[in-house]
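A structural walkthrough
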Amino acid sequence: MDIKKTAIVLNGFIHDFSTGYWVASMITIILLHNFQVKYPGISDPLMVIEQFFFWNTIGAAIVIFATGGIRTFTYVDNFYGKDIEDSRRKLLVIKHIILFLIFGISSYFAYIMAFA
């Protein structure tokens, strides 16, 4: 068993799992916020739960960035060949810039929903 390969796969799993958890928590915040608007009588308890999920999204984002950073240094093979890998890396950079913007904007709106 190669420990390095196992650690790389585990890191990728944690990265992907945390991303899914972040998305699910964001959806939960939106649903809870909609329930708060629809049922103002239970707004206070829902706000506490909403804030819990907000802080979970922050934790998930930290894990995503940390494991993504590690993934950057472990993703070095030219599996598809040099030309294709160069294009693939450029597209990955563009994808991650877009995702970083999505994380930032979504986190801002989640903060407003959870604490306003």
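Throughout what follows, the structure given in this document is the object of discussion. Computed from a prediction, not measured in an experiment: that's the story for all the values here.

About the criteria used
- Residues numbered from 1 in each chain as written.
- Predicted model: local features only at pLDDT ≥ 70, side-chain atom pairs only at ≥ 80, totals over all residues.
- Heavy atoms only, no water.
- 1 Å grid on protein atoms, 1.4 Å probe; cavity = no way out; pocket = protein on both sides within 12 Å on 5 of 7 lines; lining within 4 Å.
- Points joined across faces, edges and corners; volume = space filled by probe spheres on them.
- Helix = DSSP H or I, 4+ residues; strand = E, 2+ residues; numbered from the N terminus.
- Expected span 1.5 Å × (residues − 1).
- Buried < 20%, exposed > 50% of the residue type's maximum accessible area, 1.4 Å probe, protein only.
- Contact = heavy atoms within 4.5 Å.
- Axes fitted to C-alpha atoms, helices over the stretch in contact; angles between N-to-C directions.
- Parallel < 35°, antiparallel > 145°, perpendicular 65-115°, else oblique.
- Left-handed = near helix turned anticlockwise from the far one by under 90°.

Before going further, it helps to spend a moment on the layout of surface pockets. Approximately 1000 Å³ is the volume attributed to the largest pocket. Mapped by element, the contributors of at least two residues to the lining of the largest pocket are helix H1 (3-38), helix H2 (43-74) and helix H3 (82-115). Considering every element that reaches the lining of the largest pocket, the biggest residue donor is H3, with eleven residues.

Taking 1.5 Å per residue as the helical rise, H2 with its 32 residues ought to reach 46 Å, and the 46 Å between its terminal C-alpha atoms agrees with that figure. Along H2, the residues classified as buried are Ser43, Leu46, Glu50, Phe53, Phe54, Thr57, Ala60, Ala61, Ile64, Thr67 and Gly68. Looking at the buried residues of H2, the elements they touch are H1 and H3.

Attention shifts here to the packing of H2 against H3. The relative placement of two packed helices is expressed as an angle between their axes plus a distance between the axes. Where H2 meets H3, the closest approach of the two axes is 9 Å, and the angle between their N-to-C directions is 160 degrees. It follows that H2 is roughly antiparallel to H3 by the angle criterion. Taken as a pair, H2 and H3 cross one another with a handedness that is left-handed. Of the residues in H3, those in contact with Met47, Glu50, Gln51, Phe54, Trp55, Ala61, Ile64 and Phe65 of H2 are Phe100, Phe103, Ser107, Ala110, Tyr111, Met113, Ala114 and Phe115.

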